[in-house]
Amino acid sequence: MNAEVKFHPAEELLIGFANGTLSAGMNVVISAHIEQCAICREKTSRLEAQATVDWLKSTESVAADKDDSLSVPNFSHMVADITSQPQLREQALEDDSVSEIHMLDHSVKLPKVLAKVASKGLVWKKLAGGINQASVTLDDQTQCEFLYMKPGSQVPVHKHQGTEVTLVLDGSFSDEMGKYEKSDFVVRDKSHTHQPVSEEGCLCFAVLDSPLMFTSGLARLLNPFLRYRFNRATSMG
Amino acid sequence: MTTLAPTMGSFQMASVAKDNTPARTSKMADAASAVDQDSDESLLIAVGNHQDTAAFNLLFGRFASRIYAMGVKLTRNEQLANDLVQEAMLTVWQKAPLYDLDRGSAQSWIFTLTRNRCFDILRKMKRQPSTVSADDIWPPEGELDSQFVHEEQGSLEAEVEKIERYYDQLPAAQRAVVEQIYIYDRTHEEAAAALNIPLGTLKSRLRLGMGKLRQLLGTEE
């Protein structure tokens, strides 16, 4: 059951996810949370339906050919080419090859999207305080990484200059504001100074996003983020 | 343009509208006759079932310029928006056989696949790593099913009694599917055969039904 998930993405983020206006990194971490959280999955379906309504409404005049601000080309030549293509009869089978990360004494099954992200191999680097980090590049707007905190480890006090999302994949960690367990979606920004500790050990996926992600439409709701510079200020030690 | 059909309410029509055979019960016949032959859903199903190019032409006329407008808005590039019309409508054509009413309105289906193609087009244009594609991020409907069934089976058996109390709150069609899988312990294929519905329909109903049960159980605990 997913009843124990306590921390979820804010509705604004899910709106961006439903509308396709977020960066790849942010989409990935939300997708991984949603796979494990029935509440957010349902919310997303609802927001997708709403996004559809918004789309149909905002393009009503275009569809009726009454919008002078947008000159729509004639696409009719495409039809014959498209309908000469074969159709799909079955959903493509999934590739389940890499889906686990092996820890000291057990393995952690990754959400599908993260299994895909990790499928080209992870290179782990040791940081201060018993933290291991494996960075992955998903786009030019975010820094994404798997983080493994050994049992008893402590991240040095730090601040974020961007907004950091941390998704707990296994184990738990705590900071001044609470304890976070599997599938929790933790958001920290410039206003937070925090010092995460993990007694039992913790595997996370973290995304630090830049303001560039919020470019248009409903995502403008997130404009307060624009105050933050895209620069991680992790003062280690 | 028809309005959005409520997702939960529309599933009863699915198998009837899809295989286009006479309805098996009078209730289903009523539901089937409520499907507007000119609705986006009917057209999409015709494209999927019969490679109906006339129906595709109608859908193309209804959606191409809307897709273009969405492309201009998201990419701010007319050429990419043009590519998006080509790719999104090609996907509509290719995937139409996978659509049924359980997946919600045709408009939502087209919206989400357009959003996904747009994401991939933008990534390609920006030469971002091809590690993940839109279909990894927004998995196709029903893809999560098998995993949930697998994960939930153990705890569900212990909680059957509790869940049974919630049965009445499930729509009949979803209840029948959940019952086949969890009470009679049938495989997806066997249950689909027993209920005489397509496998995809079964999976969607199972997903909806389990989501609902999970929600009910979650609120109690």
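The text that follows walks through the structure, step by step, so that each part is easy to find. Remember, it's a predicted structure, so these values are computed and weren't measured experimentally. (Residues numbered from 1 in each chain as written. Chains lettered and ligands numbered in written order. Predicted model: local features only at pLDDT ≥ 70, side-chain atom pairs only at ≥ 80, totals over all residues. Heavy atoms only, no water.)

We now examine the overall build of chain A. Looking only at helices and strands, one finds six helices and 14 strands in chain A. Going through the 237 residues of chain A one by one, you find that 50% of them count as buried. Across chain A, the fraction of contacts at a sequence separation of at least 24, relative to all contacts at a separation of at least 6, is 65%. For chain A, the computed accessible surface area is about 11,400 Å², with 52% contributed by carbon and sulfur atoms. (Helix = DSSP H or I, 4+ residues; strand = E, 2+ residues; numbered from the N terminus. Buried < 20%, exposed > 50% of the residue type's maximum accessible area, 1.4 Å probe, protein only. Contact = heavy atoms within 4.5 Å. Areas by Shrake-Rupley, 256 points an atom, 1.4 Å probe, with all protein chains shown as cover.)

The next point concerns the packing of helix H3 (residues 40-50) of chain B against helix H4 (residues 53-75) of chain B. All names here are of chain B. At a minimum axis distance of 8 Å, the contact between H3 and H4 shows a crossing angle of 135°. On the basis of their axis angle, the class for H3 and H4 is oblique. Here H3 and H4 pass one another in a crossing that is left-handed. Side by side, H3 and H4 meet where Asp 40, Leu 43, Leu 44, Ala 46 and Val 47 of the first sit next to Ala 55, Phe 56, Leu 58, Leu 59, Arg 62 and Phe 63 of the second. The residue inventory of the contact of H3 with H4, partitioned by class, reads nine nonpolar, no polar and two charged. (Axes fitted to C-alpha atoms, helices over the stretch in contact; angles between N-to-C directions. Parallel < 35°, antiparallel > 145°, perpendicular 65-115°, else oblique. Left-handed = near helix turned anticlockwise from the far one by under 90°. Nonpolar A, V, L, I, M, F, W, Y, C, P; charged D, E, K, R; others polar.)

Turning our attention to the interface of chain A and chain B. Facing 60 residues of chain A, the contacting portion of chain B comprises 64 residues. Together, the buried faces of chain A and chain B total about 5,500 Å²; carbon and sulfur atoms form 60% of this surface. At the junction of chain A and chain B, the tally comes to three salt bridges. Where Arg66(B) meets Glu60(A), a salt bridge forms, and the shortest distance between an N and an O atom there is 3.2 Å. Counting the contacts that link chain A with chain B gives 18 residue pairs in polar contact (both at pLDDT 80 or more). Of all the elements in the fold, those that place two or more residues in the side of chain A that touches chain B are helix H1 (11-19), helix H2 (24-36), helix H3 (38-58), helix H4 (60-63), helix H5 (78-83) and helix H6 (112-117) of chain A. (Buried area = accessible area lost by both parts, 1.4 Å probe. Salt bridge = Lys/Arg side-chain N within 4 Å of Asp/Glu carboxyl O. Polar contact = N/O pair within 3.5 Å; in protein donor to acceptor, adjacent residues only side chain to side chain.)

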